Every structure is written in structure tokens, then in C-alpha cells.
Amino acid sequence: MEVYSTENEQVDAIKQFIKNYGLTIVLAAVIGFGGVFGWKYWQSHQTNRLQESAEAFATVSEALAKPTPENIALADKFVTDTNDVYGALASLELAQIAIDANDLVNGERHLTTAIAKVKNDAFADMLNLRLARVQLALDKTDAALISLEQVKGKAWNGMKNYIRGDVLAKKGDNTGAATAYRSALTDENAGAIRSLVELKLNNLSN
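In the annotation of an unreviewed UniProt entry, the entry for the protein reads Ancillary SecYEG translocon subunit, and the organism field reads Proteus vulgaris. Recorded in UniProt under Subcellular location (unreviewed entry), the annotation for the protein is "Cell membrane". Check the Sequence similarities (unreviewed entry) section of the UniProt entry for the protein; it says "Belongs to the YfgM family."

With that settled, the discussion passes to the side chain of Arg164. Tracing the backbone shows Arg164 in helix α8 (residues 157–170). Owing to a relative accessible area of 18%, Arg164 belongs among the buried residues under this scheme. For Arg164, the contacting residues outside a window of four places in its chain are Leu145, Leu148, Glu149 and Ala180.

Moving on, we get to the environment of Asp173. For Asp173, the location among the structural elements is in the loop between α8 and α9 (174–186). Relative accessible area serves as the criterion here: at 32%, Asp173 is assigned to the partly exposed category. In terms of polar contacts, Asp173 uses its side chain to reach the backbone amide nitrogen of Gly176, at 2.9 Å.

In this section: the pattern of salt bridges. A full pass over the atoms with the stated rule returns seven salt bridges. Across the pair Asp139 and Lys170 runs a salt bridge, and its minimum N-O distance is 2.6 Å. Of the two residues, Asp139 sits in the loop between α6 (121–137) and α7 (141–149) while Lys170 sits in helix α8, which places them 31 residues apart along the sequence. Take Lys170: its relative accessible area is 44%, and that puts it in the partly exposed class. The salt bridge partner of Arg164 is Glu149, with a shortest N-O separation of 3.2 Å. Separated by 15 residues along the polypeptide, Arg164 in helix α8 and Glu149 in helix α7 bring together distant segments of the chain. Through salt bridges with shared partners, a single network forms among Arg133, Asp166 and Lys200.

With that settled, the discussion passes to unusual backbone geometry. Residue Asn102 is not a glycine yet carries a positive backbone phi of 60°. Mapped onto the elements, Asn102 comes out in the loop between α4 (85–100) and α5 (104–117). Backbone geometry places Asp139, a non-glycine residue, at a positive phi of 65°.

Within the secondary structure, Ile99 sits in helix α4. Sequence-distant contacts of Ile99, defined by excluding residues within four places in its chain, comprise Leu104, Gly107, Leu111, Arg130 and Val134.

This part takes up the packing of α6 against α7. Between α6 and α7, whose axes approach to 8 Å, the crossing angle comes to 170°. One way to sum up the angle between α6 and α7 is to call them roughly antiparallel. In this structure, α6 uses Asn128, Leu129, Leu131, Ala132, Gln135 and Leu136 to contact α7, whose residues at the interface are Thr141, Ala143, Ala144, Ser147 and Leu148.

The next subject is the side chain of Thr141. In this structure, Thr141 sits in helix α7. Excluding residues that lie within four positions of it along the chain, Thr141 makes contacts with Gln135, Leu136, Val167, Lys170 and Lys171.

Taking 1.5 Å of rise per residue, 16 residues should cover 22 Å, and α4 covers 22 Å from first to last C-alpha, within 8% of that figure. Between the side-chain oxygen at the start of α4 and the backbone nitrogen of Tyr86 there is a gap of 2.9 Å, and the oxygen is on Asp84. Positive phi shows up at Asn102, right after α4, with a value of about 60°.

Let us now look at the packing of α6 against α8. Contact pair α6 / α8: the axes reach a minimum separation of 11 Å and the direction vectors enclose 15°. With respect to α8, the axis of α6 lies roughly parallel. When you trace α6 past α8, the crossing you get is left-handed. In this structure, α6 contributes Leu129, Ala132, Arg133, Leu136 and Ala137 to the contact, and α8 contributes Met159, Lys160, Tyr162, Ile163, Asp166, Val167 and Lys170. Of the residues in the contact of α6 with α8, the class split is eight nonpolar, no polar and four charged.

Rules and cut-offs
Residues numbered from 1 in each chain as written. Predicted model: local features only at pLDDT ≥ 70, side-chain atom pairs only at ≥ 80, totals over all residues. Heavy atoms only, no water. UniProt positions renumbered as here; feature names shortened; annotations may be inferred. Helix = DSSP H or I, 4+ residues; strand = E, 2+ residues; numbered from the N terminus. Buried < 20%, exposed > 50% of the residue type's maximum accessible area, 1.4 Å probe, protein only. Contact = heavy atoms within 4.5 Å. Polar contact = N/O pair within 3.5 Å; in protein donor to acceptor, adjacent residues only side chain to side chain. Salt bridge = Lys/Arg side-chain N within 4 Å of Asp/Glu carboxyl O. Axes fitted to C-alpha atoms, helices over the stretch in contact; angles between N-to-C directions. Parallel < 35°, antiparallel > 145°, perpendicular 65-115°, else oblique. Expected span 1.5 Å × (residues − 1). Left-handed = near helix turned anticlockwise from the far one by under 90°. Nonpolar A, V, L, I, M, F, W, Y, C, P; charged D, E, K, R; others polar.

Following this line, the structure appears as C-alpha cells:
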């Protein structure tokens, strides 16, 4: 997966991917069990539930285009009632609204909720990167490092080490920060963030 140049591009890309393909992918996995007699009822039940979640999420997402208190409350209820990828997507949208309003505390809360609901590793990696960024902004540097440790996909190594460098620099560990920035530069996906990493690495030396 490409390392995107901004956090918002990461968020938008994963949201769009799951909106377009999430239900299809999940259903394909479920249908894979179709040859086992005992799974037939479960398959039908899960398919119906996911379809209902997808339709409800579409309504919630449309409402959040105007993030009024009423629409946010509607989305919050959907998140509480929905323990699947669509609940995670709604949490992500609520997080973005909170972050855009500089409400980082609620942004962190919504991202944590999204992570608890998601089962897709790539989606979870992106959410943990986003969470680490918010925790860094909240001066929760130790929590940010823990969130970064949850990122397992190699495709995210460049961004992971870039953020780790920022966290360590904020903790005053310039040596550790420099090591992290250099690791980010060696990643094959570092192109989008290379200039930023080089700038921060140079600043550490001055």
C-alpha cells in the first residue's frame, strides 16, 4: 500500500476503499465457507446484517456531511450499535470531524473505538498511525509509541518511523529520533515524505 503524503489522504483512501469493496470482500470470505453445510444459515444471517450495516452507514455518512449535534448523535448511536467495519468507518468519520475542530481528546476516543471494531489489518494499521499522530499532538508520547507498535504492515514502515522520529524528538531523544528518521528514509515507500524527513533530520543536527 502506498505511503500517502498526508494523514487526510490516508483516511480518505481507506474510507473509500472499504465503502467500495468492504462488503464484497467480507462476503467473499463468508461465501468461502459455503461448502460446509452448517454454515449456510450463518452465511445468510451475516450477509443480511452486513447489508443492513452498509445501508445504515451510508445514511450516517451522508448526515455527517453536515456535522450538527443531532447528526453527530445519530452517528454516535450507530457506532454504539454496530460492531463491524461500518461501525469503524463511522468512528473514523467522527474522529475526523473532531480533529478538524481541534477536539483532539474526542478524536483520540473515536479512533480508539474504530480500532476496537475493525478486523482488517491494513485498516487497523492506518488507524493506529492516525491515533499516534493525535496522541503526539496531545503530548501523550508514550501512548503514541505504543500505538506505533501495533502497526505491523511493512508498507507502512516509512510513515511509522517518520512518526516515531517525531515522537522521540518531542521526548528529547534526538539520537533515537535521528535513527528513526534514517530508517524512514531507507524505506522503499518513503518518496512521499522524504523531503519532510530530511528536513527534520537536518534540524536535529543544528
